Each structure stands twice: as structure tokens, then as C-alpha cells.
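So you can see what is in the structure, the chains are spelled out below.
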Amino acid sequence: MSTHDFEVVWPLARHAQAGVPTSVQPTRPRAALDLNSATVAFLWTYNRKGDRMYDIMKGTLRGEYPDIQFVDYDAFGNIHGASEREVVAAIPQMLKQHKADVAVIGVAG
Amino acid sequence: MSRAYLAAEQAGVRAVAVTATAFMGMQRATGKAIGLPDLRIAEYPGVITIDGEETFDRNVRERVFPELMERIREPVKAAAKEAADPQPRDIICRGGFDDIQEHFHRRLWTDGLPIVPPTLDRVERFLEFTDRDPGEVLGVLLPEMREATVWSVAVNGVMAGCRPEYFPILLAVVEAVADPEFRLLHAGATPGWEPLVIVSGDLVRTLNFNYQAGAMRVGSQANTSIGRFLRLFMRNVAGLRSFPGQTDKGTLGMTFNVALAENDEAVTGMGWQPFRVDRGFSKEDTVVTVQSVVAISPPIYSGGDTPETQLEFITSIFGTTCGPWTFSGLVYGNWHPLLVMSPVVAKVFADNGWTKDRIRQHLYDSLKIPASTMERYFWHVAASRWKVKDAVDEGTIPALYAASDDPDRLVPMCLKAEWINIVLAGDPGRNQSRAYINNHEHGVPVSRRVVLPARWKELLASAQPQARII
């Protein structure tokens, strides 16, 4: 049986404002995407059969959208390897450089 | 993966994550934590590393691909406005002891054990033991990207059952894990590693750490509550919550480690330098080192009065504890195993003129494993196509690992002799050691000097005396 009252404070801590990705918050409308003229980038953790998975995806996409362009995972490097921080830091610039419209990012599992 | 997703979205590129079923909860929780509450995910239904090629291909064609197309076409959703976080001094709950426990348990703010209610007066007593500002940010901790403040260290220190005089050590512990080099964010990875706090210096005796028999057992207040504190802090401030659907994906996981305290008298008495000096600090400092532990060896008994006989089983059991998981050290170019020796074992080496460096070199030279064993094991873990030579080609490990094309060639298990750490602790009257294996680049050893407040002696004198063991 409790006999004392306690007044306690919050054990968590506030979110770091600098890290909140305001650019992806809801306000920015995006134009409808025409996949036939789109560039799809594939980023990979270099495990969990992502290479096989992406081959299937690319083959199916190419069948449906003959003019679609791809940027392969080797252009970026391993997003879950020894150079993860450097690879992830370079992603925005790489995507801009390749004029990517979509980034497929896998594989968690 | 979430950070790659975030990077793409920040570049204005529509991102879609591909995730196996069991990782959906973690992905969503991590996405929410980093400001992406509506992560677009194409789900792989099942366990990728278990499914055969036919099942895998069918799942990709019939389940993943259609979801991928849906997610690509999905409009960006508006983020829901969340309630503002409480301010540090806000009272978030009033009640009796049981009410407080329930309030905290339900919100996953505990480790499953009762906590000491973090009342303002208790938190303020902790803060007396530092000259730092309570609002000072020691680092931003992923995955939830919360600010590790001096205040938040005090709150979780109270909850863990620490004494106020441990506070300078708690601050050093958090500084260490907040260092990006430590990669705390990966503590929720499937191997389920746990951090280990190692304390070396005068404060070991001042604060009554146990560094002798049963040093790594729950029991001593200093060792136990400081170990518990770090796990609570990781849970509440980093956001690594071990509950299904949360951010911690340790498949089985391990329980928290109590803090390991070095036996300073023993190590200096035999002419060896203490661990803090090995780590580049002064002998006069008290230093906290934090590293990950993913595997612990069985007890290694070693007899005889020569280094050679002592090493007979230290070497072999150390090696089997590293085992095929050594591949991960090669993939990430980091591998920092720790050998904890009881003083009587270390004394045999010291009496025969051996230094810690000589023991390290012996282990480095002796421990070898076939490249093919590691390559095969990584296939079982997750790899599609990895070879040891790949890590050489990437410049992650030295060329000697690809000295021949023989798939069964023996290669060193330890990347560098100097990365093998040695600490003396345990029963001084028994000849036993244990190996504590770190998880490659996740939780590499990071050290911080403990900074005491100007009024340390006065504050310590005013601290509640520790109960005498009867």
C-alpha cells in the first residue's frame, strides 16, 4: 500500500530541433510522377538478397515503362557498411547529380 | 536505412523503403522519431534469409513490387501535430509509489523493474554534484534524436537507484555513448549487444565499486546502478525500447551489464599500467570507457606458473568466443575484444616479464580462422555475396587477408593487436579470466575523463554514508 505521494518529472528529453527534417513536412506539393520519363535510384544495404530483389523490380519496371532510367546501388555504395556515414551524407548530392525522381531504399530484415 | 530515406526526402526525392514484416514496427517507430511519421514502406512478407529462391522471387513479384508502385504514387501526407513535450521541471504525474510505477511501466519508461520516483528534490540533489548547467546538451541521441542533457542524466540516474555522488561518472558515461564514434543508434540491431561501462581510477575505491569476487554480478550498488542507468538512459533518451514493435530489434538480446571496475592496486602493484593509461589518460584521472559486448566467454581457468601454460586455454577459449562472428569485424574494419583477468593470472605474466602488449601480440598472432568459415557465416546472417577479399578491395582491412586465393586460408581474427584490451578484476584468489567481445564498429571503446565539481570533497562528506555490510 502506498502511503506517500510523489510528484515526478519526465524521464525523456526534448527532440533536437536541428534534426527535424522540415523539408519533408507536409507543405511541399509534388507533381504527379510519370514513371516512363522518371529516374529511379536503388540504394542498398548490400545484404538480404537486395541485388536479386532489385533485378526483379528493374525488369518489371522496364517492361511497363520502356523509357524509365535507373541508377544502380553501386553508384552510391553500401548504405549499411563501413563507410555508412559518408555514403549517407553523399546521398542528396548523388540523387541530384543523377536527377533521380524516386529512391528505393532496402533492405531491412 | 531510415537515415538514407531521410537523406533522399531532404533532397526532394520520393523515397520508398523495402522492409521485411518483422521490421515494420521498428521502421515506423524510427521514422516517427526522426520526423517521418508516414514512412512509405513496401513490405516483404516473411523472413528474407530463410526463404528459398522460388518463394523469394514470388514474394517480390506478387507482394513487394505492387506495394512499391502504390507507395511511389502515394501523395505526401500531412504530419499530425503532436502535443508539446513537457518542460524539464514540469510535474508529469502525482501519486503513490505504485501509481508512479504503473504510470512509468505503461509508457515503457522503465526496464521492467521498479524505479526510484524522479522527484524534483532528488534530481536537484544529483545536480549539486556537477558544476555544469542542467540544460547543457551532451549530445543528440539516435534513433529518437533527443537531447541528452545534464538534467536528463540526473533524472534517469535517480530512477536507476544511483547515489548522487555517482553523478560525475554518469555524465562521463553519457558523453562517451553520445560520441558519434560509439554509434549508439545501432544498439537496437539484431545481434542485441549491450554496452559495458569500465571504470578505472581512484573513484573505484572512493565510491565503493566491487572489483573483486563477483565483480560482474548484480549486487554492488555502484556497479549495478550505473550499469542499470545506462540501459534506462538508452531506453528513455536514445529511444531504444525493447518491446515488440519498438526500435530495439535485438533478436534475443542480453540483460544489462553491471559496471566493470579495475583493480588498481593489483595492476599497479605488478608494474603494469592501468587501463586508463592504456586509453591515453593520466594515472591521476578517473576514466570511464564504454564499449559494446555481444558475446561473453565461459570462465577461462588457466593454471601453471609460466605464461605459456596460462595462455593454453586463454587463447583457445578467447578465439572460440570470437568465433565466426569475427566476419563482422572485417566487414566494418573494427574489432575490439576485451580480456578481463583476475589479478593472480596477470601476476604470472608480470612475474615472467610479460607486458600487456606481449599478451596482445600473442593473441593476435595465434588466433586464426578460415576465410571460408566467415564468408559462409555471413551468408547465414544476411549477406548475398560477401567475400573477405571484398573488405580488402574496399580498403577496410589489410591486404594480408587476401594473400592467397585459397578459400580456406587462415586469416587473423583480430584486426590489430593494440585493439585487444586487458583489464584486471575478479577474485584475487582464483585463476580465471573471461573474454568480452565487442560488436565490430557498433560500440567501439570510447573513453571520457570523469570531471568532479569544485566542491567535490565537501559534497562527498555531506553524502549519506553508505550502509556498512554486516
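Residues numbered from 1 in each chain as written. Chains lettered and ligands numbered in written order. Predicted model: local features only at pLDDT ≥ 70, side-chain atom pairs only at ≥ 80, totals over all residues. Heavy atoms only, no water.

*Asks:* What am I meant to see in the overall build of chain A here?
*Replies:* Check the secondary structure of chain A and you find two helices and four strands. Ordered by position from the N terminus, the helices and strands of chain A form the series β-β-α-β-α-β. Scored against the burial criterion, the 109 residues of chain A give a buried share of 48%. Accessible surface for chain A amounts to roughly 5200 Å². Of this, 51% is attributable to carbon and sulfur atoms. (Helix = DSSP H or I, 4+ residues; strand = E, 2+ residues; numbered from the N terminus. Buried < 20%, exposed > 50% of the residue type's maximum accessible area, 1.4 Å probe, protein only. Areas by Shrake-Rupley, 256 points an atom, 1.4 Å probe, with all protein chains shown as cover.)

*Asks:* Can you help me understand the packing of helix H7 (residues 167–178) of chain B against helix H9 (residues 221–238) of chain B in this one?
*Replies:* Residues and elements named next belong to chain B. As a packed pair, H7 and H9 sit with axes 11 Å apart at the nearest point and diverge in direction by 45°. As judged from the angle between their axes, H7 and H9 are oblique. Viewed along their axes, H7 and H9 form a crossing whose handedness is right-handed. Along its contact with H7, which presents Ile169, Leu170, Val173, Val174 and Val177, the element H9 presents Ile226, Phe229, Leu230 and Phe233. Each residue belonging to the contact of H7 with H9 can be placed in one class, and the counts come to nine nonpolar, no polar and no charged. (Axes fitted to C-alpha atoms, helices over the stretch in contact; angles between N-to-C directions. Parallel < 35°, antiparallel > 145°, perpendicular 65-115°, else oblique. Left-handed = near helix turned anticlockwise from the far one by under 90°. Contact = heavy atoms within 4.5 Å. Nonpolar A, V, L, I, M, F, W, Y, C, P; charged D, E, K, R; others polar.)

*Asks:* Explain the domain arrangement of chain B to me, please; I cannot follow it from the model alone.
*Replies:* Much of the literature gives interface size as the accessible area that the parts lose upon coming together. Residues and elements named next belong to chain B. According to the domain assignment, chain B contains domain 1 (2–73) and domain 2 (97–367 + 413–454). Placing a centre on the C-alpha atoms of domain 1 and another on those of domain 2 gives a separation of 35 Å. On the side of domain 2, 11 residues touch domain 1, which itself brings nine residues to the contact. Between domain 1 and domain 2, the buried area comes to about 800 Å², and carbon and sulfur atoms account for 70% of it. (Domains from an automatic or database assignment. Buried area = accessible area lost by both parts, 1.4 Å probe.)

*Asks:* Where do I start with the side chain of Arg163 of chain B in this structure?
*Replies:* All names here are of chain B. Tracing the sequence through the fold places Arg163 in the loop between helix H6 (150–160) and H7. Classification of Arg163 as buried rests on a relative accessible area of 13%. Reaching out from Arg163, the side chain makes a polar contact with the side chain of Glu165 at a distance of 3.0 Å. (Polar contact = N/O pair within 3.5 Å; in protein donor to acceptor, adjacent residues only side chain to side chain.)

*Asks:* Even after reading the chapter, I still don't get the nonpolar core, so can you show me in this structure?
*Replies:* The tendency in soluble globular proteins is for nonpolar side chains to be buried as a group. Within the largest apolar cluster, 117 residues are counted, with the highest numbers of intra-cluster contacts made by Phe167, Ile169, Phe209, Phe229 and Met341 of chain B. Setting aside residues no more than four positions away along its own chain, Phe167 of chain B makes contact with Phe126, Leu127, Phe129, Thr130, Val150, Val153 and Ala154 of chain B. Core analysis: the next-biggest nonpolar cluster, separate from the first, contains 32 residues, Ala100 and Ala108 of chain A together with Met1 and Met26 of chain B among them. (Core = buried A, V, L, I, M, F, W, Y, C linked by side-chain atoms within 4.5 Å.)

*Asks:* Got a minute to help me understand helix H12 (residues 307–322) of chain B in this structure?
*Replies:* Owing to its 3.6 residues per turn, the α-helix aligns residues three or four sequence positions apart on the same side. With 16 residues, H12 of chain B should reach 22 Å at 1.5 Å per residue; the first-to-last C-alpha distance of 22 Å fits that figure. Downstream of H12 of chain B by one or two residues, Gly323 of chain B has phi in the positive range, about 55°. (Expected span 1.5 Å × (residues − 1).)

*Asks:* Explain helix H2 (residues 24–33) of chain B here, please?
*Replies:* When H2 of chain B is considered as a whole, its buried residues turn out to be Met24, Met26, Gln27, Thr30, Gly31 and Ala33 of chain B. Buried residues belonging to H2 of chain B abut strand E4 (102–108) of chain A together with helix H1 (2–10), strand E1 (14–20) and strand E2 (41–44) of chain B. Just downstream of H2 of chain B lies Gly35 of chain B, where phi reads positive at about 90°.

*Asks:* Sorry if this is basic, but what is going on with the environment of His80 of chain A here?
*Replies:* The residue His80 of chain A is located in the loop between strand E3 (69–71) and helix H2 (84–97) in this model. According to the relative accessible area criterion, His80 of chain A is partly exposed, its value standing at 24%. In the structure, His80 of chain A is positioned 45 residues away from Leu35 of chain A in sequence and 28 Å away in space, judged by C-alpha atoms. Setting aside residues up to four positions removed in sequence, His80 of chain A forms contacts with Thr45 and Asn47 of chain A together with His186 and Tyr332 of chain B.

*Asks:* Looking at this model, I keep getting lost on the sheet that holds E4 of chain A. Mind explaining?
*Replies:* By way of backbone hydrogen bonds, the strands of a sheet pair with one another, either parallel or antiparallel. Spatially, five strands are ordered E3(A)-E2(A)-E4(A)-E1(B)-E2(B) in an open sheet, and the strand pairing comes out parallel. The sheet is open, and its two borders are formed by E3 of chain A together with E2 of chain B, each paired with just one other strand. Sheet twist, expressed as the average angle between the axes of neighbouring strands with direction ignored, equals 20°. Both strand E2 (residues 39–44) of chain A and E4 of chain A contribute to a ladder of five bridges, which runs parallel. Considered in E4 of chain A, the bridge of Val40 of chain A is made with Val102 of chain A. (Pairing = 2+ DSSP bridges.)

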